[in-house]
Amino acid sequence: MKKIFFALAALMLAFTGCGLEDGNTQTNENKAVKVVVNMDKPGFGEGTRAARTGWETGDEVVAVLANQFSVYVKLTYQEDKTWETAFYKYDEVEEWYIELSEGESVSLVAELETALPSGSVKAAYFSSGVLGVNYNETYVHIITKALTQDMGVGECVMTCEDGTYSVSEGVLTLNITMVPQVAQFTIRGLNYEDNYNVGYAGTIVIYAGGKITADGVVLEPLGPLGGNYSAWVHDNKDGISIYASPWQTKPEEFDQTALDNVGGLGFFAFTLSTENGRIGSRSFYGKSSLKNGGAVIFDGPYSEGAGGLEWK
């Protein structure tokens, strides 16, 4: 993906919430390009060691300005802790979004400054990455890689529904506050490189993709409710992590008897296996206080004192 070069312009992003670093300002300047990213503290279980603490190389954020769904901005986090930026515009002939050239992007920002110099921003992040973006007059539909790759489902999901932007003298400023839409479950003491398979079930919702609409971000859950899922495993400095959204109330379409049979809200079950077979499983009950943005840490089968549970 090519970087967008704004002549004498700056693209500024202010992110707070899930997966961010406290008080870290990162600058990337290359000729006429200047990108400044201000980071804030993480939103997954403050004080929890295993909670994710920063953006990771390849992370992608899709943003829509002023509910203009024919154009979106994609930001991709680089290994050198800078953001690569690209504008995409829907092409009616190709019937697909086309990445704009540097000149086209400068013209787009200039047009925006004249027609609509300030407005709203909505954005979404999915940890598996963006496979494609489909256009509709009333929304931008983000298709994520987790749906098509052999990696299971359940992404780290962050959204922003109340961001703002402004354009002045060719400078585009975005103010985006990311809110986590899932909780993080970490199995301590396991090496990501060992290719563990994690299955999970219970009073949780699994997301993979969604739509940015004028009313907000609509995430796409995978069914059936309360079903068994193969999780997409994420690396973590304290082990391996998976993500899901805990139920706060019983979904209307879910049977109360079935919920009672598994112990009610706050039931989570996990299985762990490798290519050589199943290792074991663990179930937890009554953890209904867990909410999106929270973090759960529990020991894996090879951890010292395995069997303990710590909630943050």
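No experiment lies behind these values; they were computed from the predicted model shown.

Q: Any chance you could break down the packing of aromatic side chains for me, citing the residues and the numbers?
A: What the rule picks out here adds up to 13 aromatic pairs. Between the aromatic rings of Tyr90 and Tyr135, the centroid separation amounts to 4.2 Å while the plane-to-plane angle is 25°, which identifies the pairing as stacked. Here the residue Tyr90 occupies a position in strand S6 (residues 83-91), and Tyr135 occupies one in strand S9 (residues 130-136), the gap between them amounting to 45 residues. One aromatic cluster is present, built from ring pairs that chain together Phe185, Tyr200, Phe268, Phe270, Phe284 and Phe298. Over the aromatic face of Tyr139 sits the side chain of Lys211, whose NZ or CZ is 4.4 Å from the ring centroid.

Q: Quick one: what's the story with the sheet that holds strand S21 (residues 268-274), residue by residue and with numbers?
A: If you trace the four strands from one edge of the open sheet to the other, you get S18-S15-S21-S22, paired in antiparallel fashion. Looking at the sheet topology across the chains shown, the edges are occupied by strand S18 (229-230) and strand S22 (277-284). In this sheet, S22 lies alongside S21 in antiparallel orientation, the contact comprising seven bridges. The residue of S22 that forms the bridge with Thr271 is Ser281.

Q: Hey, could you go over the pairing of strand S12 (residues 171-175) for me, with residue numbers and the actual values?
A: Both strand S11 (residues 157-168) and S12 contribute to a ladder of five bridges, which runs antiparallel. Following the sheet pairing, Ser166 is matched in S12 by Thr173. The turn joining S11 and S12, which pair antiparallel and follow one another in sequence, is formed by two residues; a positive phi near 55° is taken by Glu169.

Calculation criteria
- Residues numbered from 1 in each chain as written.
- Predicted model: local features only at pLDDT ≥ 70, side-chain atom pairs only at ≥ 80, totals over all residues.
- Heavy atoms only, no water.
- Phe/Tyr/Trp six-rings, centres within 6.5 Å; stacked < 30°, edge-to-face > 60°.
- Helix = DSSP H or I, 4+ residues; strand = E, 2+ residues; numbered from the N terminus.
- Lys NZ or Arg CZ within 6 Å of the ring centre and 35° of its normal.
- Pairing = 2+ DSSP bridges.

Structural measurements only, silent on function.
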